[in-house]
Amino acid sequence: MTKPVFTPSREWSEDAHVNSLPQYKLIYRKSKDSPESFWTGIAGRMEWIKKWDEVKEEDFVNGKIRWFKNGKLNVSANCLDRHVAEGNGGKTALIWEGNNPEEDQSFTYSELLTEVQKCANVLKGIGIQKGDRVCMYMQMVPQLPISMLACARIGAVHSVVFGAFSADALRDRINDSECKLLITQDTGVRGTKQNIPMKINADKAVAETPSIEHVLVVKRTGETIKMQSDRDSWWHEKMDTADAVCAPEPMDSEDPLFILYTSGSTGKPKGVLHTTGGYLVYAAYTHQIIFDYHEDDIYWCTADIGWITGHSYIVYGPLANCAVSVMFEGVPNYPDFGRFWDVVDKHKVTLFYTAPTALRALMKEGNEPVTSRDLSSLRLLGTVGEPIKEPEWNWYCNIVGKGNCPIVDTWWQTETGGILITPLPGATPLKPGSATFPFFGIEPVLMTEDGHEIEGNDVSGLLAIKHSWPGQMRTIYGDHDRFIETYFSQFPGYYFTGDGARRDDEGYYYITGRVDDVLNVSGHRIGTAEVEGGIGKADGVAEAAVVGFPHDIKGQGIYAFVTPMTGVDGNETLAEKIRQSVIADIGPHVKPDKIQFTPALPKTRSGKIMRRILRKIAEGDVDDLGDISTLADPSVVESLVKERV
Ligand code: WTA
């Protein structure tokens, strides 16, 4: 029986929004017993142009989810105008910390509002209207959140594509949602890379995206790039002449706010669609309660805005709460392994939210980069994206937090819009590796394979959620059937997460990882089928199967089993071709760590690849491969084990 190892001090809890376990339990019970009145109270904190007339509609059979029906509001007005009107215009909204330590910039709420209004007018001038899709393909530059908020202001739907994706991956995402405008930058800087070819990639993509009418280019580095005069324009030129007033568009609570592509178990990424009212209410409320955000906090989430964590917890949640949000263009090890801690010291960060993979990489470098910096401003730490193991949890708690900061291990997904399972820092006694208990309004259940709820404690199962919450995704863009099929068909009446979990003897949840063909590599969510597709495009490859294996830093590494075409040698030349093909098809963040050539893959008689066996081989667990009698040719396994890399 694991006992909690950390309980917040009395002083810490006293000022917290939720300050004891009994208080958590009380509010949780209310949120569960009367969700309508609970969420009415929370949503009322936002500024609505027209109040909703029904709190929620929840039909998991048809995947029909609605929150705050017929309410009208504008997300950018709630994130900016509201605070300025309340006298907070002079408060810092965004601190941008550049990749190179001498570069930073900050925006007050008034300044950010002006930039957003100008950008909104630029978008309108280009012909962007309510409902149009706008794609952003950028690194972590301030123009990214500005353009997201500008879209929200005029009712355009943004689709941010993570800046490491390749031209082909960008093209496919643009085409899937038929974006009209692409916003990008000349080149990007990240760590020692001082010239990431963003515009070159964008040009390549846009050559095959008939829907794109215009490309807006932010000058980040000043590197010479080609502009196509009838299609491209410079961000700064348009902004210079744009009017600084643009009234926010009244949006329906269920109007789309954004699309964000994520990986599933097929090769085609899913365009996760989030809408306006519920998403904003949920992002803001979770940000306030889980990070225990107070007025004078300086909050820093190290995620990239190209992923959901950046959307909800760099941009929308913090800004809706009138917080100071730090955004960071760089990487933890540039110019050295103390960079995170330099930034914490420089901006006196109080709330710090990062990923276990970063902690593992930093922990490996020893304590000196941490202990040589002044981290006394920190009062809370958070993690997200993958399970955190005990060694890095203890290091985070004791070396970074000096034993004084609660750690919120937050479990959630692109699909959930915000955090669902998490400690509340002033209330929850912590156990390393456990995301602890459900947030208000969330009812997690563990299911058996055949769809029965597993009751009681000290049990494991498949993690599903019983009722809707405001931040839940509403559909997969352009493919509602896939939405129903992916999330609601495995366990009718429940939202299925794709994760497995354990509930310990005290009811603490431990997320054990994906149970589908999705990998989690350095906190990036990657579909094995996508990687296989990229490998398959390399000349000389007949077939490939990709599985994960435990990796010290990345959490999971990518192990590819590849069958070359007859007459082609499985040698280093082919391996390099494969790596390049994956980089071109998806991006460098999904390059296989290991490639094993094999004349054949283990298949059943009906031709299905037995991934279970491949997973065991990749993990090095070759003594007990389980039942291999159903294989068409069991001898394949022996050579796979022998040739393991
Ligand atoms: C995993 C990221 C364990 C999980 C916000 C989930 C986690 C997937 C945790 C979603 C955590 C996220 N502990 N596992 N605290 N947080 N995961 O969509 O497998 O990029 O299903 O969203 O990350 O990844 P996504």
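The preceding data block contains the structure.
Residues numbered from 1 in each chain as written. Predicted model: local features only at pLDDT ≥ 70, side-chain atom pairs only at ≥ 80, totals over all residues. Heavy atoms only, no water.

Draft legend 1. Structural context of the overall build of the protein chain. In terms of helices and strands, the protein chain carries 20 helices and 31 strands. Projecting the C-alpha coordinates of the protein chain onto the three principal axes gives extents of approximately 75 × 65 × 55 Å. Residue burial in the protein chain is summarised as follows: out of 645 residues, 61% are buried. Long-range pairs, those at least 24 residues apart, make up 71% of the contacts in the protein chain with a sequence separation of at least 6. Working note: accessible area of the protein chain is about 23,900 Å², and carbon and sulfur atoms make up 49% of it. Here the protein chain holds 67 positive side-chain charges and 88 negative ones, and the gap between their average locations is 1 Å. (Helix = DSSP H or I, 4+ residues; strand = E, 2+ residues; numbered from the N terminus. Buried < 20%, exposed > 50% of the residue type's maximum accessible area, 1.4 Å probe, protein only. Contact = heavy atoms within 4.5 Å. Areas by Shrake-Rupley, 256 points an atom, 1.4 Å probe, with all protein chains shown as cover. Lys, Arg positive; Asp, Glu negative; His and termini not counted. Charge placed at Lys NZ, Arg CZ, Asp CG, Glu CD.)

Draft legend 2. Helix α20 (residues 635–642), seen in detail. Within the sequence span of α20, burial applies to Val 636, Val 637 and Leu 640. With its buried residues spanning 95 degrees around the axis, α20 presents them on a single face. Seen from the buried face of α20, the exposed residues on the opposite side, beyond 90 degrees, are Glu 638 and Lys 642. At its buried positions, α20 is contacted by β30 (555–564), β31 (594–597) and α19 (611–619). (Arc of directions from axis to C-beta.)

Draft legend 3. Local environment of the packing of helix α4 (residues 75–88) against helix α11 (residues 308–320). With their axes 8 Å apart at the nearest point, α4 and α11 run at an angle of 50 degrees to one another. Relative to α11, α4 is oriented oblique. Considering how the two elements wind past one another, α4 and α11 form a crossing that is left-handed. Of the residues in α11, those touching α4 at Val 75, Asn 78, Cys 79, Arg 82 and His 83 are Tyr 316, Leu 319 and Ala 320. Looking at side-chain class alone, the contact of α4 with α11 contains 5 nonpolar, 2 polar and 1 charged residues. (Axes fitted to C-alpha atoms, helices over the stretch in contact; angles between N-to-C directions. Parallel < 35°, antiparallel > 145°, perpendicular 65-115°, else oblique. Left-handed = near helix turned anticlockwise from the far one by under 90°. Nonpolar A, V, L, I, M, F, W, Y, C, P; charged D, E, K, R; others polar.)

Draft legend 4. The arrangement of helix α13 (residues 356–363) in detail. Counted residue by residue, α13 has 6 buried out of 8 residues, so it is predominantly covered. On the buried face of α13, the contacting elements are α12 (339–347), β18 (351–354), β19 (380–384), α15 (390–400) and β30.

Draft legend 5. Quick look at the site of the ligand. Of all residues adjacent to the ligand, which total 17 residues, the nearest are Asp 409, Thr 410, Thr 414, Asp 499 and Arg 525. Between the ligand and Thr 410 there is a distance of 2.8 Å, counted from a nitrogen atom to a backbone nitrogen or oxygen. In this structure, Gln 413 approaches the ligand through a side-chain N or O atom, which is 2.9 Å from an oxygen atom. The fraction of the free accessible surface of the ligand (530 Å²) that becomes covered by protein chains is 95%. Looking at the shell around the ligand, the elements that each hand over two or more residues are α11, β20 (407–410) and β26 (509–514). Considering only residue class, the shell around the ligand consists of 6 nonpolar, 6 polar and 5 charged. (Near = heavy atom within 4 Å. Polar contact = N/O pair within 3.5 Å; in protein donor to acceptor, adjacent residues only side chain to side chain.)

Draft legend 6. Structural context of the pattern of salt bridges. Going through the model one piece at a time under the given rule, you end up with 46 salt bridges. Its salt-bridge partner being Lys 346, residue Glu 97 comes within 2.9 Å of it at the nearest N-O pair. Of the two residues, Glu 97 is situated in strand β4 (residues 92–97) and Lys 346 in helix α12; the sequence distance between them amounts to 249 residues. Note on Glu 97: relative accessible area 1%, which makes it buried. Given a relative accessible area of 39%, Lys 346 falls into the partly exposed group. The residue Arg 171 makes a salt bridge to Asp 172 at a minimum N-O spacing of 3.0 Å. Given a relative accessible area of 39%, Asp 172 falls into the partly exposed group. (Salt bridge = Lys/Arg side-chain N within 4 Å of Asp/Glu carboxyl O.)

Draft legend 7. Structural view of the sheet that holds strand β14 (residues 256–262). Taken in spatial order, the 8 strands line up as β12-β11-β8-β6-β7-β14-β15-β24 in an open sheet, and their pairing is mixed. Edge positions in the sheet fall to β12 (232–234) and β24 (475–476), since each has one partner strand and no second. Alignment of strand β7 (residues 157–160) against β14, held across 2 bridges, turns out to be parallel. When the sheet's bridge partners are listed, Ser 159 is paired in β14 with Ile 259. (Pairing = 2+ DSSP bridges.)

Draft legend 8. Structural detail: the environment of His 480. By secondary structure assignment, the location of His 480 is in helix α16 (residues 480–488). The exposure class assigned to His 480 is partly exposed, which follows from its relative accessible area of 31%. Remark: the alpha-carbon pair of His 480 and Gly 63, spanning 417 residues in sequence, is separated by 7.9 Å. With near-sequence residues (within four places) excluded, His 480 lies in contact with Asn 62, Gly 63, Arg 474 and Thr 475. Here Thr 475 takes part through its side chain, which lies 2.6 Å from a polar atom of the side chain of His 480.

Draft legend 9. Looking closely at the packing of aromatic side chains. Considering all chains together, one arrives at 45 aromatic pairs under this definition. Ring plane angle 85 degrees and centroid distance 5.9 Å describe the contact between Trp 39 and Tyr 285, whose orientation is recorded as edge-to-face. Here Trp 39 is found in helix α3 (residues 35–43), whereas its partner Tyr 285 is found in helix α10 (residues 277–290), with 246 residues between them in sequence. Tyr 285 matches Trp 39 in its accessibility class, with the two residues each being buried. With a centroid separation of 6.2 Å and an interplanar angle of 80 degrees, the aromatic rings of Tyr 313 and Tyr 353 are classed as edge-to-face. (Phe/Tyr/Trp six-rings, centres within 6.5 Å; stacked < 30°, edge-to-face > 60°.)

Draft legend 10. Structural view of the packing of α3 against α10. At their nearest, the axes of α3 and α10 sit 10 Å apart, and the two run at 80 degrees to each other. The angle between α3 and α10 places the two elements in the roughly perpendicular class. In contact with Phe 38, Trp 39, Ile 42 and Ala 43 of α3, α10 contributes Val 281, Tyr 282 and Tyr 285. Its residues placed into classes, the contact of α3 with α10 shows 7 nonpolar, no polar and no charged.

Draft legend 11. Structural context of the pairing of strand β29 (residues 541–551). As defined by bridge partners, β29 adjoins β30 across 10 bridges and the pair is classed as antiparallel. Looking across to β30, one finds that Val 546 is bridged to Ala 560.

Draft legend 12. Expanded view of the nonpolar core. Residues Trp 39, Leu 112, Tyr 316 and Phe 440 are the most contacted members of the largest nonpolar core, which totals 120 residues. Excluding residues within four positions of it along the chain, Leu 112 makes contact with Leu 80, Ala 93, Leu 94, Phe 107, Ile 146, Leu 149 and Leu 319. Core analysis: the next-biggest nonpolar cluster, separate from the first, contains 41 residues, Ile 212, Val 217, Trp 234 and Leu 574 among them. (Core = buried A, V, L, I, M, F, W, Y, C linked by side-chain atoms within 4.5 Å.)

Draft legend 13. Seen up close, unusual backbone geometry. Cis geometry marks the peptide bond from Tyr 334 to Pro 335; its omega dihedral reads -5 degrees. Inspection of the secondary structure assignment puts Pro 335 in the loop between β17 (324–328) and α12. Of note, Cys 322 is a non-glycine position whose phi angle comes to about 60 degrees, a positive value. Tracing the chain through its elements places Cys 322 in the loop between α11 and β17. For Ser 522, which is not a glycine, the phi torsion comes out positive at approximately 50 degrees. Its location among the elements puts Ser 522 in the loop between β27 (518–521) and β28 (524–527). Judged by relative accessible area, which is 24%, Ser 522 ranks as partly exposed.

Draft legend 14. Layout of the side chain of Arg 525. Within the secondary structure, Arg 525 is located in strand β28. Accessibility expressed as a relative area gives 15% for Arg 525, which makes it buried. Among the polar contacts listed, one links the side chain of Arg 525 to the backbone oxygen of Ser 263, at a separation of 3.1 Å. A polar side-chain atom of Arg 525 sits 2.8 Å from a polar atom in the side chain of Glu 415.

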